[in-house]
Amino acid sequence: MDEPVQQDDDDCPELVPIENDKQIPVTIITGYLGAGKTTLLNFILSEQHNKRIAVILNEFGEGNALEKSLAVSQAGELYEEWLELRNGCLCCSVKDNGLKAIENLMEKKGKFDYILLETTGLADPGAVAAMFWVDADLGSDVYLDGIVTVIDAKYGLQVCNDGCTWGFLNRQIALADLAIVNKTDLVEQEALQELRDTVRSINGLVKILETQKSRVDLSEVLDLHSFDSKDSANYHSSSFHIFLLCFTKQSILTVTFELDGNLSEDVLNIFVQNLLWEKMFHNKEGLPMTVIRLKGIVALAGKAHQVMLQGVHELYELNELPQLWGDDPRINRLVFIGRNLDKDILQEQFTSTVVAQEKGA
Ligand SMILES: Nc1nc2c(ncn2[C@@H]2O[C@H](COP(=O)(O)OP(=O)(O)OP(=O)(O)O)[C@@H](O)[C@H]2O)c(=O)[nH]1
Ligand SMILES: [Zn+2]
């Protein structure tokens, strides 16, 4: 039976929305820096699903413009809203921004029937998920369908065992309904088994899938209804309570800069290898800069297309994008996330090696 529809007195008749009392499922996609979240999101969007899917990206640091352009360039005409985290501390900032983003989405309700929310690699999914619980009490238009945590098969264990970052991934695994162990092409069976055991030891209930390029069967990811029963709701909200404790990002910093001009691919490779492999650059305290995640759009000499730079720990790749520079200024935009980063030194190194060499050539 239909519930009586409540209407405001001052509603103009023609503005009354088409009745749509169906709640929209939200899947939270979480996982450490560079694990393959955006790859999963793009894979879901490109698969046959007969759903109109909205995407919300959760932002860490200052790399907004770049994150946006990366998402747009990869996923084409998807609809986006942005969650911005000013200081990187989710529990302090996600709630208001998050609800606002959802409200904005709600205004466009009817245009889509599923929401995918990618959190930053340093997000506490508990804080993000709790946002939906709060709202659920108020009779929300959305419901949390499930939390999916993407884990890097190569670097997952390293992160798990590293005291500094231990917390992020463990929280992400602890709260997951589904764990996707991605990048299985980069590891041997033995390492994979060790990772599986670690995931299982953190979360005894989680379903574990193994993927390359985050290719999953959509039925394993969407419409999980993980939180449907009251019992599981109670179980989860009590864990949210624990995970909502405020924690800082410790020494992980984001550095972004933009520089115009064409870069030589060879010299760029040398810079990236010096940074990621040789750990050649140091901050003012003399500590080596360690990059966990590197992203960029670069203009390579002689190339009409934009080129995307992607790095995760020591691995990196350069890929030509479909986008042409055209009349746009050829500006290189770079985002570095890691420890002991110093913007001035990094930018100066980049300029003196990559940009200067190119100019001198
Ligand atoms: N070798 C290999 N690389 C992969 C695989 N899946 C994704 N990648 C690469 O890993 C890098 C990071 O992928 P993203 O999907 O951007 O990772 P993310 O988790 O969204 O990254 P952040 O949002 O920055 O935390 C990209 O260069 C991908 O091409 C995989 O199965 N194997
Ligand atoms: Zn991403």
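All figures in this text were calculated on a predicted structure; none of them were measured in a lab. Residue indices follow the written sequence of each chain, beginning from 1 at its first position. The order in which chains are written sets their letters, starting at A; the order in which ligands are written sets their numbers, starting at 1. For a predicted model such as this one, the threshold for reporting local features is a pLDDT of at least 70, and the threshold for listing and counting side-chain atom pairs is 80 or more; totals across whole chains, interfaces and linings nevertheless cover every residue. Each side-chain value is derived from all of the structure's non-hydrogen atoms; neither hydrogens nor water enter the calculation.

### What to know about the overall build of the protein
Put simply, the test is: Under the scheme used here, helices are H or I runs from DSSP no shorter than 4 residues and strands are E runs no shorter than 2 residues, and both carry numbers assigned from the N terminus. Exposure is judged per residue with a 1.4 Å probe applied to protein chains only, and the accessible area is read against the type maximum: over 50% gives exposed, under 20% gives buried, and values in between give partly exposed. The contact rule is simple, with two residues in contact once any of their heavy atoms fall within 4.5 Å. Computed by Shrake-Rupley with a 1.4 Å probe, the accessible areas treat only the displayed protein chains as cover when residues are assessed.
Along its length, the protein carries ten helices and twelve strands. Taking all 361 residues of the protein together, the buried fraction comes to 52%. Within the protein, contacts between residues separated by at least 24 positions form 78% of all contacts whose residues are at least 6 apart in sequence. Carbon and sulfur atoms make up 49% of the accessible area of the protein, which amounts to about 17,600 Å² in all.

### Observations regarding unusual backbone geometry
Non-glycine residue K213 carries a positive phi angle of around 50°. Checked against the element boundaries, K213 lands in the loop between strand 7 (207-210) and helix 8 (230-243). Judged by its relative accessible area of 54%, K213 falls in the exposed class. Here the phi dihedral of S214 falls at roughly 55°; this positive angle occurs in a residue that is not glycine. Mapped onto the fold, S214 is located in the loop between strand 7 and helix 8. A relative accessible area of 0% places S214 in the buried class.

### A closer look at the coordination of the zinc ion (ligand 2)
This is how the line gets drawn: Here a donor is any nitrogen, oxygen or sulfur atom (N, O, S) within 2.8 Å of the metal, with 3.2 Å used for Na, K and Ca; water is not among the atoms considered, so some sites may look incomplete. Every angle between 85 and 135 degrees makes a four-donor site tetrahedral, while opposite donors more than 155 degrees apart, with all other angles between 65 and 115, make a four-donor site square planar and a six-donor site octahedral; other sites are irregular.
Every protein donor of the zinc ion (ligand 2) is accounted for by T38 (OG1) and E118 (OE), and the metal-donor separations fall at 2.0 to 2.2 Å. Viewed at the metal, the four donor atoms of the zinc ion (ligand 2) are separated by angles of 86 to 173°, and the geometry they form is irregular. Separated by 80 residues along the polypeptide, T38 in helix 1 (residues 37-46) and E118 in strand 4 (residues 114-118) bring together distant segments of the chain. In this structure E118 comes out as buried when scored by relative accessible area, which is 11%.

### Structural notes on the site of ligand 1
What counts here: Proximity is defined per residue: any heavy atom of the residue falling within 4 Å of a molecule or strand makes that residue near it. Here a polar contact means two N or O atoms within 3.5 Å. Within protein one must be a hydrogen donor candidate and the other an acceptor candidate, and residues neighboring in sequence count only if both atoms are side-chain atoms. For this classification, the nonpolar set comprises Ala, Val, Leu, Ile, Met, Phe, Trp, Tyr, Cys and Pro, the charged set comprises Asp, Glu, Lys and Arg, and every other residue, Gly included, is treated as polar.
Near ligand 1 you find 20 residues, and of these T39, K213, R293, K295 and E317 are the closest. Within the side chain of N182, an N or O atom sits 3.1 Å from a nitrogen atom of ligand 1. For ligand 1, an oxygen atom lies 2.8 Å from a polar atom in the side chain of K295. Burial of ligand 1 by the protein chains amounts to 89% of its free accessible area of 660 Å². Elements with a minimum of two residues in the shell around ligand 1: helix 1, strand 9 (290-298) and strand 10 (305-312). The element best represented in the shell around ligand 1 is helix 1, accounting for three residues. A class-by-class count of the residues in the shell around ligand 1 yields five nonpolar, seven polar and eight charged.

### Looking at the pairing of strand 9
For clarity, the cut-off: For two strands to be treated as a pair, DSSP must find no fewer than two bridges joining them.
By the criterion of burial, strand 9 is predominantly enclosed, with eight of the nine residues buried. Two strands pair when backbone bridges link them, and strand 9 and strand 12 (residues 331-339) are joined in this way by seven bridges, in the antiparallel orientation. From the neighbouring strand, R293 faces strand 12, where its bridge partner is I337. Examined bridge by bridge, strand 9 and strand 10 share six bridges and lie antiparallel to one another. Its bridge partner being in strand 10, V298 is matched across the sheet by V307. Where strand 9 hands over to strand 10, the hairpin turn is made up of six residues, of which G302 adopts a positive phi near 85°.

### A short note on a negative patch on the surface
Test applied: Each patch groups residues whose relative accessible area exceeds 30% and which form no salt bridge, using 9 Å between like charges and 5 Å between nonpolar side chains of Val, Leu, Ile, Met, Phe, Trp and Tyr. When a carboxyl oxygen of Asp or Glu lies within 4 Å of a side-chain nitrogen of Lys or Arg, that pair is called a salt bridge. Charge assignment in this entry is limited to Lys and Arg as positive and Asp and Glu as negative, and neither His nor the chain termini are counted. For the purpose of locating charges, the reference atoms are NZ of Lys, CZ of Arg, CG of Asp and CD of Glu.
Taken together, the side chains of E188, E190, E194 and D197 present a region of like negative charge at the surface. In this fold, E194 is placed in helix 7 (residues 189-202). On the accessibility criterion, E194 (47% relative accessible area) is partly exposed.

### Some points on the packing of aromatic side chains
Going by this rule: Planes of paired rings set the category: under 30 degrees apart is stacked, over 60 is edge-to-face and the rest tilted, where pairs are Phe, Tyr or Trp rings (Trp by its six-membered ring) whose centres lie within 6.5 Å. A ring is scored as having a charge over it whenever the NZ atom of a lysine or the CZ atom of an arginine sits within 6 Å of its centre and within 35 degrees of its normal.
Inspection of the entire model under this criterion finds five aromatic pairs. Centroid distance W277 to Y316: 6.1 Å. Interplanar angle 55°. Geometry classified as tilted. With W277 in the loop between helix 9 (265-276) and strand 9 and Y316 in strand 11 (residues 315-324), this residue pair connects regions lying 39 residues apart in the sequence. Over the ring of Y155 we find K154; its NZ or CZ atom is 5.6 Å from the centre of that ring.

### Structural notes on the pattern of salt bridges
Close approach of charged atoms allows side chains of opposite charge to pair. Applying the stated criterion to the full structure yields seven salt bridges. Among the ionic pairs, K183 bridges to D152, the shortest N-O distance being 3.1 Å. With K183 in the loop between strand 6 (178-182) and helix 7 and D152 in strand 5 (residues 142-152), this residue pair connects regions lying 31 residues apart in the sequence. According to the relative accessible area criterion, K183 is buried, its value standing at 16%. For the salt bridge of K279 with E314, the shortest nitrogen-to-oxygen distance reads 3.5 Å. Of the two residues, K279 sits in the loop between helix 9 and strand 9 while E314 sits in the loop between strand 10 and strand 11, which places them 35 residues apart along the sequence. The class of K279 is partly exposed, set by a relative accessible area of 26%. According to the relative accessible area criterion, E314 is partly exposed, its value standing at 34%.

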